[in-house]
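Structural characterization, general
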Amino acid sequence: MKIDHIGIAVKSLSEALKVYEGAIGLSVGGYDQVDEQGVRVAMLKIGDSRIELLEPTGPESPITKFMTKRGEGIHHIAVEVEDIEKTLETLKAAGVRLIDSAPRQGAHNTRIAFIHPSSTHGVLLELVQHGK
Ligand code: CO
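So, a few notes on the structure that sits alongside this text.

Calculation criteria
In this numbering scheme, every chain counts its residues from 1 along its sequence in written order. Given that the model is predicted, a residue must reach a pLDDT of at least 70 before its local features are reported, and side-chain atom pairs must reach 80 or more before they are shown or counted; all residues, however, enter totals for whole chains, interfaces and linings. Note that water and hydrogens are dropped before the side-chain values are worked out from all heavy atoms of the structure. Two strands qualify as a pair provided DSSP detects at least 2 bridges between them. The helix count covers DSSP runs of H or I at least four residues long, the strand count covers runs of E at least two residues long, and both are numbered beginning at the N terminus. Three exposure classes are used, based on accessible area relative to the maximum for each residue type with a 1.4 Å probe and protein chains only: buried under 20%, partly exposed in between, and exposed over 50%. For Na, K and Ca the donor cutoff is 3.2 Å, while for all other metals N, O and S atoms must lie within 2.8 Å; water is not among the atoms, so some sites may look incomplete. Geometry is assigned from donor-metal-donor angles: four donors are tetrahedral when every angle falls between 85 and 135 degrees, four are square planar and six octahedral when opposite donors sit over 155 degrees apart with all other angles between 65 and 115, and any other arrangement is irregular. We define a salt bridge as a contact between a side-chain nitrogen of Lys or Arg and a carboxyl oxygen of Asp or Glu at a distance within 4 Å.

Let's talk about the pairing of strand β3 (residues 39-46)
- Bridging between strand β2 (residues 27-34) and β3 involves 7 bridges; their strand directions are antiparallel. Within β3, the residue paired with Gln33 across the bridge is Arg40.
- Between β2 and β3, which pair antiparallel and follow one another directly, the connecting turn spans 4 residues, one of which, Gly38, has a positive phi of 65 degrees.
- The sheet contact formed by β3 and strand β4 (residues 49-56) spans 8 bridges and is antiparallel. Within β4, the position partnered with Lys45 by the bridge is Arg50.
- In sequence, β3 turns back onto β4 through a hairpin of 2 residues, with Gly47 there showing a positive phi of about 60 degrees.

Here we look at unusual backbone geometry
- The phi dihedral of His121 falls on the positive side, at around 60 degrees, and the residue is not glycine.
- With respect to the helices and strands, the residue His121 is situated in the loop between β7 (110-115) and β8 (125-130).
- For His121, a relative accessible area of 81% translates into the label exposed.

Considering the coordination of the cobalt ion
- At 2.1 to 2.2 Å from the cobalt ion lie its protein donor atoms, namely His5 (NE2), Glu52 (OE), His76 (NE2) and Glu126 (OE).
- Here the cobalt ion is ringed by 4 donor atoms whose angles at the metal span 81 to 165 degrees, and the overall shape comes out irregular.

Observations concerning the pattern of salt bridges
- Under the defined criterion, the tally for this structure stands at 8 salt bridges.
- Residues Glu15 and Lys18 are paired through a salt bridge, measuring 2.8 Å at the closest nitrogen-oxygen approach. Highlighted residues: Glu15 and Lys18, both in helix α1 (residues 13-23), separated by 3 residues, approximately one helical turn.
- Look at Lys18 and you get exposed, because its relative accessible area is 52%.
- Across the pair Glu85 and Arg111 runs a salt bridge whose closest N-O atoms are separated by 2.9 Å. Of this pair, Glu85 sits in helix α3 (residues 84-93) while Arg111 sits in strand β7, placing them 26 residues apart in sequence.
- Look at Glu85 and you get partly exposed, because its relative accessible area is 36%.
- Under the relative-accessibility criterion, Arg111 is labelled partly exposed at 29%.

This is the structure we're talking about:
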């Protein structure tokens, strides 16, 4: 296992990139838009891992709702897994509260599922399985 990426909620990708790309010097590996999650995404490479900047696409976006409550900042930590179905079954058996009981489509040919922060001591965890 490794940390696949850390998701950061931002109001504006272009404003955030001035700091993360322009000042800190990370480079963007790709952009994406995931309409069903209401986000535009910029992925920045950092070693073997990545920082995922998340800009909401509208007022109904979960990222808008998050920022209304908590402001900009770390939104989730994503853990790469080999077999997301198997991991979800293990978590269910352990009584962990899941947001997604089955995987859904993520950005860049991934399958993802979120674990509820009430089961992970306040951190929204995302499981990621990369496509072959
Ligand atoms: Co993510």
